[in-house]
Amino acid sequence: MLIDARDLTKTFQTADGKLPVLNGVSLQLQSGETLALTGESGSGKSTLLHLLAALDAPDSGTIRLQGDDITKGNDASRAAVRRNRIGLVFQQFNLIPSLDIAANLAFQARLAGRHDADWCAALSERLGLSELLSRYPEQLSGGQQQRVAIGRALATRPPVLLADEPTGNLDEATADSVLEIMLDLVAETGAGLLMVTHSTRLAGRLSRRLHLSQGRVA
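Below, the structure is looked at part by part.

About the thresholds
- Every chain is numbered independently, its residues counted from 1 as its sequence is written.
- Only residues with pLDDT of at least 70 are given local features in this predicted model, and only at 80 or more are side-chain atom pairs given and counted; all residues enter the totals for whole chains, interfaces and linings.
- The side-chain values count all of the structure's non-hydrogen atoms but skip hydrogen atoms and water molecules.
- Only strands joined by at least two bridges in the DSSP assignment are considered to pair.
- Runs of E in the DSSP output that reach at least two residues are strands. Runs of H or I that reach at least four are helices, and both are numbered from the N terminus.
- Each polar contact in these results corresponds to two N or O atoms within 3.5 Å; when the atoms are within protein, one needs to be able to donate a hydrogen and the other to accept it, and residues that are neighboring in sequence are counted only if both atoms are side-chain atoms.
- We call two residues in contact when some of their heavy atoms are within 4.5 Å.
- Expected span of a helix: the number of residues minus one, times 1.5 Å.
- We call a residue buried when its accessible area falls under 20% of the maximum for its residue type, exposed when it is over 50%, and partly exposed in between, using a 1.4 Å probe and counting protein chains only.
- For helices, the axis comes from a line fit to the C-alpha atoms of the stretch in contact; other axes are also lines fit to C-alpha atoms, and the angle between any two N-to-C directions lies between 0 and 180 degrees.
- Stacked, edge-to-face and tilted labels apply to pairs of Phe, Tyr and Trp rings (six-membered ring for Trp) whose centres lie within 6.5 Å, assigned for plane angles under 30 degrees, over 60, and everything in between, in that order.
- Counted as over-ring charges are cases with an Arg CZ or a Lys NZ within 6 Å of the ring centre that also lie within 35 degrees of the ring normal.
- A side-chain nitrogen of Lys or Arg and a carboxyl oxygen of Asp or Glu constitute a salt bridge if their distance falls within 4 Å.

Okay, the sheet that holds strand S2 (residues 17–29) next. In space, the four strands of this open sheet follow the order S2-S1-S4-S5, with antiparallel pairing throughout. Each end of this open sheet is capped by a strand with a single partner; those strands are S2 and strand S5 (68–69). Where strand S4 (residues 60–65) and S5 come together, two bridges link them in antiparallel fashion. Counted as the bridge partner of Leu65 is Asp68 from S5.

Dropping the structure here:
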């Protein structure tokens, strides 16, 4: 089991009082599996992904990543999990504008001390970026920037890739192309993929779907 999350709850404090967002959510993800997480806005999709990504901690429940309970650690240990074991792709590309594409691709791997020049070159080729490595993010289209973000996330060969609406800023044709590349690379590396999406069409391309409604699995 790659990810085994059990009975996750999360509540946020607002000006109007406590707002329950997740109410006992459980999910499992196997290595090599692709899972679409769907639901209406406010259903808890992004909150759940943030917990699985060790960006936040649940109020209760457990998350095991490859058997290790990642809910018990402090901020430093969660940062190490994100750096070494999780690839993250967001709707906003979050590229570093002062770095060229080659440096953006290698950034996460260098941070983790696991930079592999041959693998980055192979990723660049597979992502159609080989001729763009000396350019800067602002010189690329949205689809090209998202391909860079996917390559950066996979440069460390993480066991799990978590993607939050990765095609949300792209037109339909570009979204299809980006998803196809992401699925191919996940299959090649053997990583598990969990993707948050509003698109039932794109969700249908993944091997399994989990739907959230009002903070619960529907």
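Let's pick the thread back up.
Examined against the element boundaries, Arg85 turns out to sit in helix H2 (residues 75–85). A distance of 3.2 Å separates the side chain of Arg85 from the side chain of Asp68, its partner in a polar contact. If we skip the residues at most four places from it in the chain, Arg85 touches Leu65, Gln66, Asp68, Ala80, Pro158, Pro159 and Val160.

Here helix H5 (residues 142–154) is 13 residues long and its end C-alpha atoms lie 19 Å apart, about the 18 Å a rise of 1.5 Å per residue gives. Counted residue by residue, H5 has eleven buried out of 13 residues, so it is predominantly covered. All buried positions along H5 are accounted for by Gly143, Gln145, Gln146, Arg147, Val148, Ala149, Ile150, Gly151, Arg152, Ala153 and Leu154. Along its buried surface, H5 packs onto strand S6 (86–90), helix H3 (101–111), helix H4 (117–126), strand S7 (160–164) and helix H6 (172–189).

This part covers the sheet that holds strand S8 (residues 192–196). With respect to topology, six strands assemble into an open sheet ordered S6-S7-S8-S3-S9-S10, the strand pairing being mixed. Strands at the two margins of the open sheet, each flanked by one partner only, are S6 and strand S10 (216–217). Sheet topology places strand S3 (residues 34–39) next to strand S9 (residues 208–213); five bridges connect them, and they run parallel. What sits directly across from Leu35, in S9, is Arg208. Helix H1 (residues 45–52) contacts S3, S6, S7, S8 and S9 of the sheet and is inclined by roughly 150° relative to S7. H2 rests against S6 and S7 of the sheet, and its axis sits at about 85° to S6.

All right, on to the pairing of strand S1 (residues 3–14) then. Taken together, the ten bridges between S1 and S2 define a ladder with antiparallel strand orientation. Within S2, the position partnered with Ala5 by the bridge is Leu27. Here S1 folds back onto S2 in antiparallel fashion, the turn holding two residues. Note that S1 and S4 share five bridges and pair antiparallel. For Thr9, the partnering residue across the bridge sits in S4 and is Ser60.

Below, the discussion takes up unusual backbone geometry. The backbone of Asp7 sits at a positive phi, close to 55°, despite the residue not being glycine. Residue placement: Asp7 occurs in strand S1. Of note, Ala54 is a non-glycine position whose phi angle comes to about 60°, a positive value. Here Ala54 shows up in the loop between H1 and S4.

Under the criterion given, the structure shown has zero aromatic pairs. The cationic tip of Arg157 hangs over the ring face of Trp119; the distance from NZ or CZ to the ring centre is 4.0 Å.

A word on the pattern of salt bridges. Applying the stated rule across the entire model yields ten salt bridges. Across the pair Lys10 and Asp59 runs a salt bridge, and its minimum N-O distance is 3.9 Å. Of this pair, Lys10 sits in strand S1 while Asp59 sits in the loop between H1 and S4; the two residues are 49 residues apart in sequence, bridging distant segments of the chain. Classification of Lys10 by relative accessible area gives buried; the value is 8%. As a salt-bridge pair, Arg208 and Glu33 come within 2.6 Å of each other at their nearest N and O atoms. With Arg208 in strand S9 and Glu33 in the loop between S2 and S3, the pair connects residues that are 175 residues apart, well separated along the chain. Of the residues examined, Arg208 reaches a relative accessible area of 31% and is grouped as partly exposed. In this structure Glu33 comes out as buried when scored by relative accessible area, which is 15%. What emerges from the salt-bridge pattern is a single network uniting Lys10, Asp56 and Asp59.

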